[in-house]
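Structural characterization, general
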Amino acid sequence: MSLPNHFELLATDGTARTGRLTTPHGVVRTPAFMPVGTAGAMKGMHWREVRDAGADIVLGNTYHLMLRPGAERIATLGGLQAFTGWNGPMLTDSGGFQVMSLSDLRKVNEKAVTFRSHIDGAKVELSPERSIEVQRLLGSDIAMQMDECVRLPAERSDIERAMRLSLRWAERSKRAFETAPAGYMLCGIVQGGDIPEMRRTSARELVDIGFHGYAIGGLAVGEPQAVMLAMIEETAPLLPIDRPRYLMGVGTPEDLLEAVSRGIDMFDCVLPTRNGRHGMAFTRFGQINLRNARHADDPRPLDEESEWPAAHNISRAYLHHLVRSGETLGAMLLSEINVAYYQHLMRGMREAISSGTFEMFQQQTRAGWARGDI
Ligand SMILES: CNc1nc2cc3nc[nH]c(=O)c3cc2[nH]1
C-alpha cells in the first residue's frame, strides 16, 4: 500500500535533484545535510547557530535518547522539539545501528536486538515495534525502520541474512507505524552490503512494501568510496524518483558531492562537529588541521570569503592557540565553522541544480579542494 508523498521534486540536472520535503515541523530543502545531535544536543553548538548555519533538519539517535533521558519522559515533556528547544524537523534513526556499534552483550534474533545499556548495563530489548514506539514518543518527523546493518567486508551469507531480516523488519516497522498522525514519515532502509544483486532485491522488495522515503543503509561502514558509489549507482535508480533518498552516515564533502550527483537527497554525518572538536576545519580549500604549528603566527582568518563570521573574522593563530590549549571555545568555533561549511556546500548544490550548472559547480568545488590551503 503506497503512503502519501510529502516530497516535491523541484528540478533535476542529470541524476542530481533538488526538492522540498514538508514535515510537521517545517520544510526541508534538498539536497540536505542533517547535523547529528546524538543525545538531543548539537555538541558544542547552540541551536541558534545550527539554524543560522542553514540547517533545516537535525538527526537524533533513538539508542541514546531511549536510554537517557528515556522516550516516555521526553513524550511527557512534549516531545523532542519542546524538550530540546530545536523547533524544526527532526529525523531519528531506529537505534539498531548504535546497538551494534556501542553496546555489548548484544544478540540479534528474529524478534529483536537485545543488549546491555552502555550507560548502566541494564538489559534492553529493541524490536521493530518498540523502535517505532520510541520514535513516535520522541515525536520525530521522520522515523527509520529497524534494520540490521552489516559492517564491510562481510560474508555473502551474512549480508543476505541481514538484508532479508531487514526486509521482514521493514514490514513490521510499517505495521507499527500505521497509527502515526498524518504528515509524520517512515523510511525503509535498503541493505545488501557490497553485492549488487542483494541491493537490487532489497530495493525492489522495499518499494513493494511502500514507504514515505527510502534510505540507503549498510554503507560508510568500512568500504572504499568507490564501492559506496557503486552501490548508490546500483540502488538509487530502483527507488521512486518522486520520493526522498537518504544516504545514512555520509560523509565527507567529497562524498556529498559524488552522492548528490548520483541522485541522493539527504545525508547525516558526525564529521563536521566531531572533526571540529579535534581541531580540524572544513573549508573551500579542503581540511585544515589547526593543531599544526604552521598556523601559530598566521593572522589570516580561515576563509576571508566565507559568510560565516567565525570563519572570516577569527585568526588562524587564535584558533591554533585555542586548539593547542584545549580551550572549549576552540571546539565550539570549529564545530560551527564546519556545520556552516557543510550547509553552504549543500546550498551551493541546490542552487547549481536549480540553474542547470551542477557539472560546473562540481568542477569548481573540486578545484578548490585540490588547490589546498596556501
Ligand atoms: C557512519 N556510517 C554509517 N552510519 C550509519 C547508520 C545506519 N543506521 C541504520 N542503518 C544503516 O544501515 C546505517 C548505516 C550507517 N553507516
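One structure accompanies this document, and this report is about it. (Residues numbered from 1 in each chain as written. Predicted model: local features only at pLDDT ≥ 70, side-chain atom pairs only at ≥ 80, totals over all residues. Heavy atoms only, no water.)

Of note, Val 227 is situated in helix 9 (residues 225-235). Relative accessible area serves as the criterion here: at 24%, Val 227 is assigned to the partly exposed category. Sequence-wise, Val 227 and Ser 117 are 110 residues apart; in three dimensions their C-alpha atoms are separated by 33 Å. (Helix = DSSP H or I, 4+ residues; strand = E, 2+ residues; numbered from the N terminus. Buried < 20%, exposed > 50% of the residue type's maximum accessible area, 1.4 Å probe, protein only.)

What follows deals with a nonpolar patch on the surface. The grouping of Tyr 318, Leu 329 and Met 332 at the surface amounts to a nonpolar patch, some 230 Å² of accessible area in total. Tracing the backbone shows Tyr 318 in helix 13 (residues 316-325). (Patch = residues over 30% accessible without salt bridge, like charges linked within 9 Å, V, L, I, M, F, W, Y side chains within 5 Å. Areas by Shrake-Rupley, 256 points an atom, 1.4 Å probe, with all protein chains shown as cover. Salt bridge = Lys/Arg side-chain N within 4 Å of Asp/Glu carboxyl O.)

Moving on to the site of the ligand. By nearness alone, every residue bordering the ligand is listed as Phe 97, Asp 147, Cys 149, Gln 191, Gly 217, Gly 218, Leu 219, Ala 220, Val 221, Met 248 and Gly 249. Between the ligand and Asp 147, the relevant distance is 2.7 Å, taken from a nitrogen atom to a side-chain nitrogen or oxygen of the residue. Leu 219 is positioned with one of its backbone polar atoms (N or O) 2.7 Å from a nitrogen atom of the ligand. When the free accessible area of the ligand is taken as 370 Å², the share hidden by the protein chains comes to 84%. Taken atom by atom, the bulk of the ligand overlaps the largest pocket. In the shell around the ligand, the residues fall into 6 nonpolar, 4 polar and 1 charged. (Near = heavy atom within 4 Å. Polar contact = N/O pair within 3.5 Å; in protein donor to acceptor, adjacent residues only side chain to side chain. 1 Å grid on protein atoms, 1.4 Å probe; cavity = no way out; pocket = protein on both sides within 12 Å on 5 of 7 lines; lining within 4 Å. Sits in = over half its atoms within 2 Å of the grid points. Nonpolar A, V, L, I, M, F, W, Y, C, P; charged D, E, K, R; others polar.)

It is worth spelling out the pairing of strand 11 (residues 185-190) at this point. Along any regular strand, the residues point their side chains to alternate faces of the sheet. Across the 6 residues that make up strand 11, a large majority, 6, are buried. Alternating residues of strand 11 divide into Met 185, Cys 187 and Ile 189 and Leu 186, Gly 188 and Val 190, and every residue in both groups is buried. Across 3 bridges, strand 10 (residues 142-144) lies against strand 11 in parallel orientation. Each bridged residue has a counterpart across the sheet, and for Met 144 the counterpart in strand 11 is Cys 187. Sheet topology places strand 11 next to strand 12 (residues 213-216); 4 bridges connect them, and they run parallel. Residue pairing in the sheet places Ile 189 in a bridge with Ala 215 of strand 12. Chirality of the crossover, the property in question, places the unit of strand 11, helix 8 (residues 196-209) and strand 12 among those that are right-handed. (Pairing = 2+ DSSP bridges. Right-handed = clockwise from strand over helix to strand, strands pointing away.)

Examined against the element boundaries, Leu 229 turns out to sit in helix 9. Residue Leu 229 is classed as buried on the basis of its relative accessible area, which comes to 8%. Between the alpha carbons of Leu 229 and Arg 73 there is a distance of 40 Å; along the sequence they are 156 residues apart. Residues within four places of Leu 229 in sequence aside, it is in contact with Glu 258, Ala 259 and Arg 262. (Contact = heavy atoms within 4.5 Å.)

We now examine the pattern of salt bridges. Inspection of the entire model under this criterion finds 22 salt bridges. Put simply, Arg 284 and Glu 305 hold a salt bridge, and the shortest N to O gap is 3.6 Å. Highlighted residues: Arg 284 in the loop between strand 15 (280-283) and strand 16 (286-289) and Glu 305 in the loop between strand 16 and helix 12 (309-312), separated in sequence by 21 residues. For Arg 284, a relative accessible area of 35% puts it in the partly exposed group. One salt-bridge network, held together by shared partners, links Glu 233, Glu 258, Arg 262 and Arg 366.

This part takes up the packing of helix 14 (residues 328-354) against helix 15 (residues 358-371). It is at 8 Å that the axes of helix 14 and helix 15 come closest, and there the two elements cross at 150°. Here helix 14 is positioned roughly antiparallel relative to helix 15, judged by the angle of their axes. Contacts between helix 14 and helix 15 involve Tyr 341, Leu 345, Gly 348, Met 349, Ala 352 and Ile 353 from the first element and Phe 358, Phe 361, Thr 365 and Trp 369 from the second. The residue makeup of the contact of helix 14 with helix 15, split by class, is 8 nonpolar, 2 polar and no charged. (Axes fitted to C-alpha atoms, helices over the stretch in contact; angles between N-to-C directions. Parallel < 35°, antiparallel > 145°, perpendicular 65-115°, else oblique.)

Right, let's talk about the packing of helix 10 (residues 253-261) against helix 14 for a bit. The geometry of helix 10 relative to helix 14 is characterised by a closest axis approach of 11 Å and an angle of 20° between their N-to-C directions. The orientation of helix 10 relative to helix 14 falls into the category roughly parallel. The handedness of the crossing between helix 10 and helix 14 is right-handed. Contacts from Pro 253, Leu 256, Leu 257 and Val 260 in helix 10 reach Tyr 341, Tyr 342, Leu 345, Met 346, Met 349 and Ile 353 in helix 14. Tallied by class, the residues present in the contact of helix 10 with helix 14 amount to 10 nonpolar, no polar and no charged. (Left-handed = near helix turned anticlockwise from the far one by under 90°.)

Turning our attention to helix 7 (residues 156-177). The first and last C-alpha atoms of helix 7 sit 31 Å apart over 22 residues, in line with the 32 Å expected at 1.5 Å per residue. Among the residues of helix 7, those classed as buried are Ile 159, Ala 162, Met 163, Leu 165, Ser 166, Leu 167, Trp 169, Ala 170, Arg 172, Ser 173, Lys 174 and Phe 177. In this structure, the buried side of helix 7 is in contact with strand 7 (104-108), strand 8 (113-116), helix 6 (128-138), strand 10, strand 11 and helix 8. (Expected span 1.5 Å × (residues − 1).)

What follows deals with the layout of surface pockets. Taken as a whole, the largest pocket holds about 870 Å³ of empty space. Every residue lining the largest pocket is counted, 39 residues in all, and those nearest its centre are Phe 97, Gln 98, Gly 249, Asp 268 and Val 270. Of all the elements in the fold, those that place two or more residues in the lining of the largest pocket are helix 5 (96-102), strand 14 (266-269) and helix 11 (271-277). In terms of residues, the lining of the largest pocket owes the most to one element, helix 5, which gives 5 residues. When grouped by side-chain class, the residues that make up the lining of the largest pocket number 16 nonpolar, 15 polar and 8 charged. Roughly 520 Å³ of volume is contained in the second largest pocket. (Points joined across faces, edges and corners; volume = space filled by probe spheres on them.)

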